[in-house]
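Examination of the molecular architecture
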Amino acid sequence: MTIVLFGAVGTLISFIIISLGAMQFFKKMNIGPLTIGDYLAIGAIFSATDSVCTLQVLNQDETPLLYSLVFGEGVVNDATSVVLFNAIQSFDLSHINSGIALQLVGNFLYLFISSTMLGVLAGLLSAYIIKKLYFGRHSTDREVALMILMAYFSYMLAELFYLSGILTVFFCGIVMSHYTWHNVTESSRVTTKHAFATLSFVAEIFIFLYVGMDALDIEKWRVVSDSLGKSVGVSAVLLGLILLGRAAFVFPLSFLSNLTKKSSYEKVDWKQQVTIWWAGLMRGAVSMALAYNQFTSSGGFTQLRENALMITSTITVVLFSTVAFGLMTKPLVRILLPSSKQLTRMISSEPSSPKSLILPFLNNETESETSQQGNTSIPRPTSLRMLLSAPSHTVHYYWRKFDNAFMRPVFGGRGFTPFVPGSPTERTEHQWQ
């Protein structure tokens, strides 16, 4: 819920602040005849954080909670920005009124909810197919191919129905990790994990290559060469609005999120809030793609001075934020979170092996005896392990009851996977038993 709160609501707050700020400053700077649609598009362009750049400077092993928040917020943030951008482009905003504003909000909600539901349905379909069709269970190649193709199928469906492919793939991946991934054999799980990691690494390389190639687009720089100071001023204004828009939702929404948490270790303290705020200041490929979509004609060329100014300013913001903020993120994390190893023990990711799932179910006698054997402090268990061992009557508790009673028997998942005789999964289970 914190990720969705930051990614969706936070992006809307940042979008409003950047759009209104750009409208105020750019009119005074007289950069050209920009329309209300251009200003709203600027808000959508620069409210999209670059999760790729951020995750490159964070270590999942050292700061798993921070990594999860930044990754999840980055994906939802990019998807929300793209949905906002598409909603803005689908309307004629030259004569905006209350009716068009309501249609814009309705179109945004339609794209967001429809993309989310399509991703969930595609993920459930993949889990059901892989669970019921046994012809792939004896072949790692077939299982891996089915998982990759079904994930790509969700993206194709989103593009076919003019929805957000990023948002659809994100929620499809969540559902597939909860159900589909547990329906394949252990060898297919390992292969799938490394296959997606390799594809992700290659895609990140191409993203940075494209950003670097855009920075060397001489045509755009030649158009604005006579007004270099104004280009620097526009970039500085955009950077200031990014800083302000980021701070306007990270700290207030963190405060609201902490009000719902009873335990202190579940709350996002001010050091983590500062780190999250700083880590989301970088802009990257999504901003570049949206800027080229808005301010260039067919083929990527433009002779309009205001459009070329916005393209070069976007390139400047992307390069400066990536280099400056990116290089300073790691030292900032070390200053604000010096005890990273202790944080890793206290707040860890979801256990990936069935053996670690057995640990939360140790009886209280064993834990109490262990705690009495010496004065060394035992790390506090994570919220996930506390939930597994003694679930409270919260939304997680009722979701687990519904999931175990209705969803997992149909779509599979952890504990509901039919084992193939002689498979690595079955041998591992017998070994742990």
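Rules behind the numbers
Residues numbered from 1 in each chain as written. Predicted model: local features only at pLDDT ≥ 70, side-chain atom pairs only at ≥ 80, totals over all residues. Heavy atoms only, no water. UniProt positions renumbered as here; feature names shortened; annotations may be inferred. Axes fitted to C-alpha atoms, helices over the stretch in contact; angles between N-to-C directions. Helix = DSSP H or I, 4+ residues; strand = E, 2+ residues; numbered from the N terminus. Parallel < 35°, antiparallel > 145°, perpendicular 65-115°, else oblique. Contact = heavy atoms within 4.5 Å. Nonpolar A, V, L, I, M, F, W, Y, C, P; charged D, E, K, R; others polar. Left-handed = near helix turned anticlockwise from the far one by under 90°. Phe/Tyr/Trp six-rings, centres within 6.5 Å; stacked < 30°, edge-to-face > 60°. Buried < 20%, exposed > 50% of the residue type's maximum accessible area, 1.4 Å probe, protein only. Expected span 1.5 Å × (residues − 1). Bend = angle between axes of the 7 residues up to and from the residue.

Labelled according to an unreviewed UniProt entry, the protein chain appears under the name Cation/H+ exchanger transmembrane domain-containing protein, originating from Rubroshorea leprosula. For the protein chain, the Subcellular location (unreviewed entry) comment in UniProt is given as "Membrane".

Before going further, it helps to examine the packing of helix 4 (residues 64–89) against helix 12 (residues 285–295). Close contact between helix 4 and helix 12 brings their axes to 11 Å; oriented N to C, the two are set at 5°. Classified by the interaxial angle, the pair formed by helix 4 and helix 12 is roughly parallel. Contacts between helix 4 and helix 12 involve Asp 78, Ser 81, Val 82, Phe 85 and Gln 89 from the former and Val 286, Leu 290, Asn 293 and Gln 294 from the latter. Across the contact of helix 4 with helix 12, the residue classes tally to 4 nonpolar, 4 polar and 1 charged.

On to the packing of helix 5 (residues 98–132) against helix 6 (residues 140–160). Where helix 5 meets helix 6, the closest approach of the two axes is 10 Å, and the angle between their N-to-C directions is 155°. As judged from the angle between their axes, helix 5 and helix 6 are roughly antiparallel. As helix 5 runs across helix 6, the sense of the crossing is right-handed. Contact residues: helix 5 offers Leu 118, Ala 122, Leu 125, Ser 126, Ile 129 and Ile 130, while helix 6 offers Leu 146, Met 147, Met 150, Phe 153, Ser 154, Leu 157 and Ala 158.

Bringing the packing of aromatic side chains into the picture now. Tallying each qualifying case throughout the model produces 14 aromatic pairs. With 5.9 Å between their ring centres and 40° between their planes, Trp 399 and Phe 402 make a pair best called tilted. Placement of both Trp 399 and Phe 402 in helix 18 (residues 395–411) is noted, with a separation of 3 residues, approximately one turn of the helix. On the basis of relative accessibility, which here comes to 40%, the residue Trp 399 falls in the partly exposed class. Using a relative accessible area of 38% as the deciding quantity, one classes Phe 402 as partly exposed. Here the aromatic cluster, defined as three or more aromatic residues joined through ring pairs, consists of Phe 251, Trp 277, Trp 278, Phe 320 and Phe 325.

This next bit is on helix 1 (residues 2–29). With 28 residues, helix 1 should cover 40 Å at 1.5 Å per step; its first-to-last C-alpha distance of 38 Å lies within 8% of that length. The largest bend along helix 1 measures about 30° and falls at Gly 10. Asn 30 sits one or two positions beyond helix 1 and adopts a positive phi of about 55°.

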